[in-house]
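Next come the chains, spelled out residue by residue.
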Amino acid sequence: MILARVSIKRPVLMTMVIMGFVVLGLFSYKRLVIDLFPKVEFPIVTVTTIYPGASSSEIETQVTEKIEDAVSTISNVKKIESICQENLSQIIIEFEIGVNVDLAAIEVKDKVDAIRRDLPDDAEDPSIIKFDVNAIPIIDLAVSSPRPLEEVYKLTDDVIREELTRIDGVASIDIVGGREREIQIALDRLKLEAYGLSVLDVVRSIASENLSLPSGRITEDRKEYTVRLLGEFKHWTDFQYLEIETKDKGTIALGRLGRIQDGFEEVRDAARLNGKNAVGVTIQKRSDANTVLASAGIKETIAKLQQTLPDDVEIRIARDRALFIEDSVKDVLQNIVIGILLTAALLYLFLHNIRATIIAAVAMPASIIPTFLLIDFAGFTINIMTLMALGVSIGVLVTNALVVLENIMRHLQLGETPEDAAEIGTREISVAVIASTATNVVVFTPIAFMSGIVGQFFIQFALTVVFSTLFSLLISFTLTPMMAAKMLRQKVKKEESRNLLTKFGDLWDRGYRDLEAYYRIALSWSMRHPFVTSFLVFLVFAYSLFLFRYIGGEFIPKSDQGFFAVEIELAPGTPLPQTERVFAAVERSLKEIPEINTLLTTIGGEGKGVNEGSVLVQLVNDEQRQRSIFEVMDAVRPRLVFIPDAEIQVAIPGAIGSQEGDIVVEVTGPELDQIEQIARELEEGMRHMEGLVDVHTTIEHGKPEIVFLPNRKRLADYNIPLSHVAGILRTSFEGQVASVYRESGEEYDVRVKLREDQRDYATDATQLVIRHKDFIIPITELGEVRFQQGKSEILRRDKQRLVRVAANVARGSMTDYVERITERVEQMDLPPGYNIGFGGQEEDRRESFAQILQALFLAIILTYMILAAILESYIHPFTIMVTLPLGLVGASFGLFLAAKSINLFSLMAIVMLVGIVVNNAILILDYTQLLRSRGMNIRDALLEAAPTRLRPILMANLAIALGMLPQSLSGSGSEFRTAMAVVTMGGVLVSAVFTLFIIPVAYIAFDRLSRKSFNEA
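About the thresholds
- Residues numbered from 1 in each chain as written.
- Predicted model: local features only at pLDDT ≥ 70, side-chain atom pairs only at ≥ 80, totals over all residues.
- Heavy atoms only, no water.
- Phe/Tyr/Trp six-rings, centres within 6.5 Å; stacked < 30°, edge-to-face > 60°.
- Lys NZ or Arg CZ within 6 Å of the ring centre and 35° of its normal.
- Helix = DSSP H or I, 4+ residues; strand = E, 2+ residues; numbered from the N terminus.
- Expected span 1.5 Å × (residues − 1).
- Bend = angle between axes of the 7 residues up to and from the residue.
- Pairing = 2+ DSSP bridges.
- Contact = heavy atoms within 4.5 Å.
- Axes fitted to C-alpha atoms, helices over the stretch in contact; angles between N-to-C directions.
- Salt bridge = Lys/Arg side-chain N within 4 Å of Asp/Glu carboxyl O.
- Buried < 20%, exposed > 50% of the residue type's maximum accessible area, 1.4 Å probe, protein only.
- Polar contact = N/O pair within 3.5 Å; in protein donor to acceptor, adjacent residues only side chain to side chain.

Engineer: Looking at this structure, I do not really get the packing of aromatic side chains. What am I missing?
Structural biologist: By convention here, two paired aromatic rings are described through the distance between centres and the angle between planes. Enumeration according to the criterion identifies 11 aromatic pairs in this entry. Its end group placed over the ring of tyrosine 748, arginine 181 keeps NZ or CZ at 4.5 Å from the ring centre. Of note, arginine 949 hangs over the ring of tyrosine 927, and the distance from its end group to the ring centre comes to 4.4 Å.

See the structure below:
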């Protein structure tokens, strides 16, 4: 090998080159962004249309269906989901992975604009935005103080929010639980009727009298004046003196028509920290922001704010996603270091040479650190996937250097000089090393180019393994032979003085020689009894396939990040005070659990009603708790059974967006009533499945409402427009902002509505009167005021109505429950046109697993091609690939014994095994071919080659297993690494044992086939 020769002859030059790569790798590591997962791109565009006054069914037929028909003609649309609510239509269009979301949004806008005239005139223009799943909340804060809540809110909004928005990486800040000041004009309905006025008359008067307007300018010869009208009230109490014109052309002061007060807007949300009132602050990062750096900036800003804020104001972090990321990164890096030390210790056991051990130990970090240079160049980040790739590669990285080093030492023992041994030993093993590296690289090629979510997740994993493997090959042919030539010495005669290590080495060597002798005997027997050997291996393989029946499956393992959420939705129409009382009871119950540290409760807020909310539960540190997060969640659920008529879900918020449950079953069809009936039947069946919890549907009972059904003939007779009636209704009960009041540079709304005691009861809606021109008419004369149940929201998928039944898995595996639900669905008698399928994680699992199996098939084909090219044989690559089923045997044993599931990570490890397990066969066959080229017959060559390569095979596979051992242990983020680690460890160990016997047997059989085919040709 030219590289080895140059390295040996020019050691200083090669040392500088390697050191240069290491320094650049360290510099790149400092620059890399740290995050939990790789950035995932989901091309999603949402179309939101507001249609005031429309019911959910009207929204569906008049808005949603028309937009769905338009956008469904766009190419590369994966699915369309819609939500039809009262007054609102929201359509979520998901495109295939790889579609440019900017161009997709433009195309959606063009399609919607083309049908805009077909939408109702009263509907607002549709809003089209791109949805970014990477812009997630990273920190939740709670601001608390004994001061009045409105003061705390103002301090949070004016001071804290202002400082936090300046932090690099922060995208938006949402505040929940505050009270905003507003000037309230609470009118007396009876007095309005007495003076012939309506609430709209008051609104118009306030708007026209509380003005501050620029009125032009006056220019003189030497000076220019700005003309302004300053007609705003100086103090909020001045509104009581505003004169309102009555129907008889007189006037009356506004203060005589009602009460003017400095109050607060109607509270529609609330927040509490550990049961005490607080203001909740949710900080969301930019999609491209460094989570760890953004979190550090937020915490630094909070520390500065605490020094400037009043002493009685406390800012407390209720949840920080960056902590889990930092712990995970730290844990993986520690595991990498431990893996290197364990591997080095193993090498010393086999080699008894501290110099050789140092060479191998240096080769591992020399392969890992430069990898960060290519990670940075590829635009990747430091995340679970890239670090896991380095972690699982520890043993693989040392394999190349180990095989080269072992062969060099063998030549040293044969009496050659260190330089000759380094050069000859490297050249002799080079084909096997290149073949092993090539198979590792080609296995990850299809992984790196998979589509869908699995492709986005694993491209960084796959290419990081490729980068580190290529560097390990470079180190094996440069640094390893160079250091071996300079550091190793020829074996000399032992001195009389012997220490404990020397005695241990002799004992180890004696044991290894015995093992080699026994192996030679067993191998000879296996080659004499090929059918018995093959049958025994086949039985083990068949048993491993049977074992898979007892290994559950899931999409992605649940991760213990130290927090979970309790989502509670009470019956529609539940008022805020009642909701607060329920959540207060929940908080008191949860405080009794010792593992719980903080409780951040939020009720209502953006997109939620006052009947629903959540409790974000942060647990104490891992060292302080005896139970896992899943055991704590199981302890929480029985404590919530006291809540009647509520939908409750105890779950870990998803890493990417939110999810309705571990298992989501979708019922679709034309008629909503029939779909709901099917969904309820399915829900009832799922509730009786032990191990499923939080079973619920998306069926929502309508909220009680009061509706006004206009009599259009009466309205026409009185010449009263319907919009006038709508304005009076809205202003009377919800209120209308008539103007603004300015004080100390701040603006506050001036809201006009009826007095609270005249809008407290449902019957108050029937007492309204409508004044228009000279008419004063009771509202009941212009239409019917009806009390009814509001329409629930309507969900749609791919232009069909949809109801979801969701549940979380507390015990058992997701795939087991999917099978049981599937069996139940098959027993149901579904009407024509109605379908039941799986969505959520199960949909993603099936799609991703199919892609991984395709990648596995392609990896096997590419492995065969690379082996055929290196061995220059069409037959013997099949000999080597006999080891592939053996890797599957080890994978099943590893998963079963470790009680892990078949998931995205364990499947990826099985694909990775394709490039690892063939290395043992390559080592044996490469040396066998060399011996046969020297004139040795096939059996003698195998009996010589296999025992000779026994030590490097044992060293390499044990090194891989030991390097993976720390990754299989518990720690932050270990749920993602463990499945991959146990599959790899089981695969390499089991395949190594069986390869030592089955490969020689297969080689003889395939060699006969090869000669027979050649003779026939």
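Engineer: Which parts of the structure should I look at to understand helix α15 (residues 452–477)?
Structural biologist: Residues spaced three or four apart along an α-helix face the same direction, because each turn holds 3.6 residues. Helix length check: α15, at 26 residues, gives a terminal C-alpha distance of 38 Å against a target of 38 Å (1.5 Å per residue), a fit within 8%. Along its length, α15 reaches its greatest deviation from straightness, about 40 degrees, at phenylalanine 458.

Engineer: What am I meant to see in the sheet that holds strand β19 (residues 612–619) here?
Structural biologist: Within a sheet, neighbouring strands are paired by backbone hydrogen bonds and run either parallel or antiparallel to one another. The 6 strands are arranged β14-β13-β18-β19-β17-β20 in an open sheet whose pairing can be described as antiparallel. At either end of the open sheet lies a strand with only one pairing partner, and these are β14 (276–277) and β20 (647–651). Looking at chain direction, strand β13 (residues 269–273) and β14 are connected through 2 bridges and run antiparallel. Pairing of arginine 272 across the sheet is with asparagine 277, part of β14. Contacting β17 (563–569), β19 and β20, helix α20 (residues 629–636) runs over the sheet at an angle of about 25 degrees to β17.

Engineer: Would you mind showing me how to read the pattern of salt bridges here?
Structural biologist: Opposite charge on two side chains permits them to pair, given that their charged atoms come into close proximity. In the structure shown here, the tally under the stated rule is 62 salt bridges. Linking arginine 796 and glutamate 60 is a salt bridge whose minimum nitrogen-to-oxygen distance equals 2.8 Å. Here arginine 796, found in strand β29 (residues 794–797), pairs with glutamate 60, found in helix α3 (residues 56–71); they are 736 residues apart in sequence, far enough to count as distant. For arginine 796, a relative accessible area of 5% gives the class buried.

Engineer: How should I be thinking about the side chain of glutamine 758 in this particular structure?
Structural biologist: Here glutamine 758 lies in the loop between β25 (746–754) and β26 (769–772). Here the side chain of glutamine 758 touches arginine 189 through a polar contact of 2.7 Å, landing on its backbone nitrogen. Glutamine 758 has contacts with Leu187, Asp188, Arg189, Leu190, Phe733 and Asp764, leaving out every residue within four places of it along the chain.

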